[in-house]
Amino acid sequence: MLRKCLSSFSGDYAEMRFHERKSTYIRIAAGELEDASYLKNAGVGVRALVNGSWGFSSTNVLERSAIEGSLRDAEKAAKVASQNRTEKVEGLADVKLARGAFHPVVNDPIENHSLEEKMNLVIEAEKTAKDESKDVKSAISVYSELVDRKMVANTDGAEFELHDVKPEFYVYAVASENGDRVAAAKTASVTGGWKDLWRRNEPQQLALDACDLASKLLHAKHAKGESATVILEPSLVGLISHEAIGHTVEADFVLSGSITKGKLGQKLASELVTLVDSGNPPEDSHGTGNVLVDDEGVPARTTRIIEDGVLKSYLHDRETALIFKTEPTGNARAFEYTDEPIIRMTNTYILPGDHSLEEMIEDVKEGYLMRGAGGGQADSNAEFMFEVDEAYRIEKGEVKELLRGVTINGQAFDVLKSVDAIGKDFLLDIGVGYCGKFQRAKVDGGGGALRCRAIIGGRQEG
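Notes on the structure in this doc start here. Small disclaimer: the values here were computed from a predicted structure and weren't measured.

### Digging into the overall build of the protein
- Broken down by element type, the protein carries ten helices and 23 strands.
- Scaling as 2.2 N^0.38, a compact globule of 462 residues should have a C-alpha radius of gyration of about 23 Å, and the protein matches this with 23 Å.
- Overall, the protein is about 75 × 55 × 35 Å in size when its C-alpha atoms are taken along their principal axes.
- For the protein, the proportion of its 462 residues judged to be buried stands at 56%.
- Nonlocal contacts in the protein, meaning residues at least 24 apart in sequence, comprise 75% of its contacts between residues at least 6 apart.
- Looking at the protein as shown, the accessible area adds up to about 19700 Å², and 46% of this sits on carbon and sulfur atoms.
- Here the protein holds 56 positive side-chain charges and 75 negative ones, and the gap between their average locations is 2 Å.

### Some remarks on empty space enclosed by the protein
- Tallied over the full model, the rule gives one cavity of 30 Å³ or more.
- In this structure, the largest cavity encloses a volume near 30 Å³.
- Lining of the largest cavity is provided by Ser-144, Leu-146, Lys-166, Pro-167, Glu-168, Tyr-434 and Lys-442.
- Counting residues per element, the ones that place at least two in the lining of the largest cavity are strand 5 (136-154) and strand 6 (159-177).
- When residues in the lining of the largest cavity are grouped by element, the largest group, three residues, is from strand 6.
- Across the lining of the largest cavity, the residue classes tally to three nonpolar, one polar and three charged.

### Description of the sheet that holds strand 10 (residues 275-278)
- Pairing in this open sheet of six strands is mixed, and the strands run 12-11-10-15-22-21 from one edge to the other. Each edge of the open sheet carries a strand with a single partner, namely strand 12 (310-311) and strand 21 (427-428).
- Strand direction decides the pairing type here: strand 10 and strand 11 (residues 302-307), joined by four bridges, are antiparallel. Bridge pairing links Ser-278 to Thr-302 in strand 11.

### A word on the layout of surface pockets
- A volume near 460 Å³ is recorded for the second largest pocket.
- Around the second largest pocket, the lining comprises 19 residues; the ones closest to its centre are Arg-85, Leu-255, Glu-319, Thr-320 and Ile-323.
- Looking at the lining of the second largest pocket, the elements with two or more residues in it are helix 7 (251-255), helix 8 (318-323) and strand 14 (342-343).
- Per element, the largest residue contribution to the lining of the second largest pocket is four residues, and it comes from helix 8.
- Here the residues of the lining of the second largest pocket sort into eight nonpolar, two polar and nine charged.

### As for helix 2 (residues 64-83)
- Between its terminal C-alpha atoms helix 2 stretches 29 Å, which fits the 28 Å expected from 20 residues at 1.5 Å a residue.
- Buried residues of helix 2: Ile-67, Glu-68, Gly-69, Ser-70, Leu-71, Ala-74, Glu-75, Ala-78 and Ser-82, and no others.
- Buried residues along helix 2 sit against helix 1 (2-6), strand 1 (13-29), strand 2 (32-50) and strand 3 (53-59).

### Considerations on helix 6 (residues 234-245)
- Here helix 6 lies mainly inside the structure; eleven of its twelve residues are buried.
- Burial in helix 6 covers these residues: Pro-234, Ser-235, Leu-236, Val-237, Gly-238, Leu-239, Ile-240, Ser-241, His-242, Ala-244 and Ile-245.

### Describing the nonpolar core
- Grouped together as the largest cluster of nonpolar side chains are 45 residues, with contacts concentrated most on Val-230, Leu-232, Ile-306, Met-370, Ile-408 and Leu-416.
- At the level of elements, strand 9 (226-232), helix 6, helix 7, strand 11, strand 16 (366-378), strand 17 (383-395), helix 10 (412-417) and strand 23 (450-457) are the ones that each hand at least two residues to this core.
- Ranked by the residues each element gives to this core, the list is headed by helix 6, at six residues.
- Once residues lying within four places of it in the same chain are set aside, the contact partners of Ile-408 are Val-230, Leu-232, Met-370, Phe-384, Met-385, Phe-386, Val-388, Ala-454 and Ile-455.

### Side note on the environment of Phe-386
- Topologically, Phe-386 is positioned in strand 17.
- What makes Phe-386 buried here is its relative accessible area of 1%.
- The spatial distance from the C-alpha of Phe-386 to the C-alpha of Ile-240 is 8.6 Å, given a sequence separation of 146 residues.
- Once residues within four sequence positions are removed from consideration, Phe-386 is found in contact with Leu-239, Ile-240, Glu-243, Gly-375, Gly-376, Gln-377, Ala-378, Val-406, Thr-407 and Ile-408.

### Overview of the pairing of strand 5
- Burial runs high along strand 5: 14 of the 19 residues are buried.
- By the bridge criterion, 15 bridges tie strand 1 to strand 5 in an arrangement that is antiparallel. Within strand 5, the position partnered with Ala-29 by the bridge is Ile-140.
- Pairing geometry for strand 5 and strand 6, over 17 bridges, is antiparallel. Of the residues in strand 6, the one forming a bridge with Val-147 is Val-165.
- Two successive antiparallel strands, strand 5 and strand 6, enclose a turn made up of four residues, where Gly-157 displays a positive phi of approximately 110°.

### Quick word on the packing of aromatic side chains
- Under the criterion given, the structure shown has ten aromatic pairs.
- Here the aromatic rings of Phe-253 and Phe-438 are separated by 6.3 Å at their centres, their planes lie at 80°, and the arrangement is edge-to-face. Of the two residues, Phe-253 is situated in helix 7 and Phe-438 in the loop between strand 21 and strand 22 (444-447); the sequence distance between them amounts to 185 residues.
- With a centroid separation of 5.7 Å and an interplanar angle of 85°, the aromatic rings of Phe-335 and Tyr-434 are classed as edge-to-face. With Phe-335 in the loop between strand 13 (332-333) and strand 14 and Tyr-434 in the loop between strand 21 and strand 22, this residue pair connects regions lying 99 residues apart in the sequence.
- For Phe-335, a relative accessible area of 9% puts it in the buried group.
- Given the relative accessible area of 32%, Tyr-434 is considered partly exposed.
- Every member of this aromatic cluster is reached through a ring pair, and the members are Tyr-143, Phe-169, Trp-194 and Trp-198.
- The ring centre of Phe-335 lies 4.3 Å from the NZ or CZ of Arg-21, which sits over that ring.
- Residue placement shows Arg-440 over the ring face of Tyr-434; its charged tip is 3.8 Å from the ring centre.

Rules of the game
- Residues numbered from 1 in each chain as written.
- Predicted model: local features only at pLDDT ≥ 70, side-chain atom pairs only at ≥ 80, totals over all residues.
- Heavy atoms only, no water.
- Helix = DSSP H or I, 4+ residues; strand = E, 2+ residues; numbered from the N terminus.
- Rg over C-alpha atoms; globule rule 2.2 N^0.38 Å.
- Buried < 20%, exposed > 50% of the residue type's maximum accessible area, 1.4 Å probe, protein only.
- Contact = heavy atoms within 4.5 Å.
- Areas by Shrake-Rupley, 256 points an atom, 1.4 Å probe, with all protein chains shown as cover.
- Lys, Arg positive; Asp, Glu negative; His and termini not counted.
- Charge placed at Lys NZ, Arg CZ, Asp CG, Glu CD.
- 1 Å grid on protein atoms, 1.4 Å probe; cavity = no way out; pocket = protein on both sides within 12 Å on 5 of 7 lines; lining within 4 Å.
- Points joined across faces, edges and corners; volume = space filled by probe spheres on them.
- Nonpolar A, V, L, I, M, F, W, Y, C, P; charged D, E, K, R; others polar.
- Pairing = 2+ DSSP bridges.
- Expected span 1.5 Å × (residues − 1).
- Core = buried A, V, L, I, M, F, W, Y, C linked by side-chain atoms within 4.5 Å.
- Phe/Tyr/Trp six-rings, centres within 6.5 Å; stacked < 30°, edge-to-face > 60°.
- Lys NZ or Arg CZ within 6 Å of the ring centre and 35° of its normal.

Below you can see the structure in the form of structure tokens.
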């Protein structure tokens, strides 16, 4: 029907995207069920390019007359916008567009597991995290899933059906003593099925690990602030790759003046570093950021953003690809049918090297081993500050005590220039939650462990 609706369009370009989403969310806190919801929504988003300007409309009425009405609304919006736009859209880059059906790799579909089973799992995980240690006074456990079906057609020939499923789970434990509080979380997130979600740890083990870490952190000392050699495990590598580097190479931000503007071909990192974005990573078929085809119909590909330390590419939709005279990179994504596609990352990571973690630690006289990404922020200059879930002091090649309240700071490209070893064990590990650039998106990141220099934030004690 979408193709038939498009037949009446007379502008430069139009696309129609039917999107059906089924979402489940279960949250247990302090022993009580706080939220249990199952939502299903569906609609069609319509985007039109007329006289060098975009117009967008959407409808949740799935009848031909309503969809054709949205197309007329999008066309009108584009014409009005064109009257007030001085810099026109010159067109869209040519690329072979997707046709057919696309499905993710799924082991044991989540639809095979009932809502009751998922709720019991969340209840038991919260109870385990709360009851396992006397230090832990409260816990939160959450399971959620997104099951998507899209059908997309555009006037340039794309016509495809895309299926996607992204379940996630996390447990959060809070330990306290004499008014002193500390929290720890353990997570799991994939594109795939039930077995894929628990491929690294079962939910009860995640609950035990969160409880154990919170208890240990409660009794740990703070780190001292200093510039130090650090070994970042993949979750922190992913966070820096996404937040501190990735957003600076999204072409819409580049056009707005991000720090990487005009730096293609320049050396911005150690020659050991190759940083990529891939909607279908060959290293892991279950990355949370997997997108087999983007919402403009561009099939997933692996884009080498930094190769051997040199900036090679930005991330593009078809519009910016034409501006930069290159190919689209499959990064045009819309979260809901009510959203327009914009440039978003998928799975952003640093390719693994040839060191074992033990070898990387052995060569450190004094430093830190860091694991687990907490909150934080990064700006358009690639300056960042992130909380670290677990930080261990390294002395003479041996891992010593756990420290608490540790942050890592720096300028991301300076940190990447200091990399002198990369681990060979690959992991995508930041898939829980959402990236929030104007609209939400599921993303992931990671790579091999990095040994580099960074500024450590801590607290002066005594």
